[in-house]
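As a plain string of letters, each chain reads:
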Amino acid sequence: MFKKEFKVDDIVYVVKYNDNNEFSLYVDGLKSTKKTSKYIDDEFASFDDDGPVEKVFYMSNLVKTKNPMKVYTNVVSFVSSVVSKKKPYFFTYTANEKKKWQKYIT
């Protein structure tokens, strides 16, 4: 596995490449100095058989950078480096939200 961490606007990003030829990009909220998550009420708490779950973790709306090109440049540099070293026949990219997936397929 190859992995790179980088920081842009006090947000720590992690881009990884695994043995299944998959690239992924995510925010490490524990290492970021900027607030990257919040808790919201769980509208389905009454359906939980293990007891009430009152909060869920939500990240997307708080993860905004003023320098998206720095994020993009770091990711492209990492992908280029891995592809030149590993020379995979194919690779895939995963995203945890459809709206973010659309940003990275162009």
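For the structure, see preceding data.
Residues numbered from 1 in each chain as written. Predicted model: local features only at pLDDT ≥ 70, side-chain atom pairs only at ≥ 80, totals over all residues. Heavy atoms only, no water.

On to helix α1 (residues 68-86). An ideal rise of 1.5 Å per residue puts 27 Å on 19 residues; α1 measures up with 27 Å between its terminal C-alpha atoms. Where α1 is buried, its residues contact β1 (2-8), β2 (11-17) and β3 (22-27). Positive backbone phi, approximately 50°, marks K87, located one or two places after α1. (Helix = DSSP H or I, 4+ residues; strand = E, 2+ residues; numbered from the N terminus. Expected span 1.5 Å × (residues − 1). Contact = heavy atoms within 4.5 Å.)

This part is about a nonpolar patch on the surface. On the surface, M69, Y72 and V76 cluster together into a nonpolar patch covering about 300 Å² of accessible area. Counting through the fold element by element, Y72 comes out in helix α1. (Patch = residues over 30% accessible without salt bridge, like charges linked within 9 Å, V, L, I, M, F, W, Y side chains within 5 Å. Areas by Shrake-Rupley, 256 points an atom, 1.4 Å probe, with all protein chains shown as cover. Salt bridge = Lys/Arg side-chain N within 4 Å of Asp/Glu carboxyl O.)

Moving on: the nonpolar core. Membership of the largest hydrophobic core comes to 14 residues, with the highest contact counts inside it found for F6, Y13, V15, L25, V71, V75 and F78. For this core, the elements supplying multiple residues, two or more each, are β1, β2, β3 and α1. What F6 contacts, discounting residues up to four positions off in sequence, is I11, V12, Y13, V15, L25, V71, N74 and V75. (Core = buried A, V, L, I, M, F, W, Y, C linked by side-chain atoms within 4.5 Å. Buried < 20%, exposed > 50% of the residue type's maximum accessible area, 1.4 Å probe, protein only.)

Enumeration according to the criterion identifies 5 aromatic pairs in this entry. A ring pair is formed by Y17 and F23, whose centres lie 4.6 Å apart and whose planes are at 45°; its orientation type is tilted. Here Y17 matches F23 in class, with each residue buried. Relative to F78, the ring of F23 lies with its centre 6.1 Å away and its plane at 90°, an arrangement referred to as edge-to-face. Of the two residues, F23 sits in strand β3 while F78 sits in helix α1, which places them 55 residues apart along the sequence. F23 sits in the buried class, given a relative accessible area of 2%. Looking at F78, the relative accessible area reads 7%, which means it is buried. Counting every residue linked through ring pairs, the aromatic cluster contains F2, Y17, F23, F78 and F91. (Phe/Tyr/Trp six-rings, centres within 6.5 Å; stacked < 30°, edge-to-face > 60°.)

Another aspect to go through is the side chain of D28. For D28, the location among the structural elements is in the loop between β3 and β4 (38-41). Of the buried charged residues, D28 lacks a salt bridge, with K31 as the closest side chain of opposite charge at 4.2 Å. Beyond its immediate sequence surroundings of up to four residues, D28 is in contact with V12 and V14. (Lys, Arg positive; Asp, Glu negative; His and termini not counted.)

All right, on to the sheet that holds β2 then. Here we have 4 strands laid out as an open sheet, ordered β1-β2-β3-β6, and mixed in their pairing. Two strands bound the open sheet, and with one partner strand each, they are β1 and β6 (92-94). Adjacent strand axes in the sheet meet at a mean angle of 20° when their direction is disregarded. (Pairing = 2+ DSSP bridges. Axes fitted to C-alpha atoms, helices over the stretch in contact; angles between N-to-C directions.)

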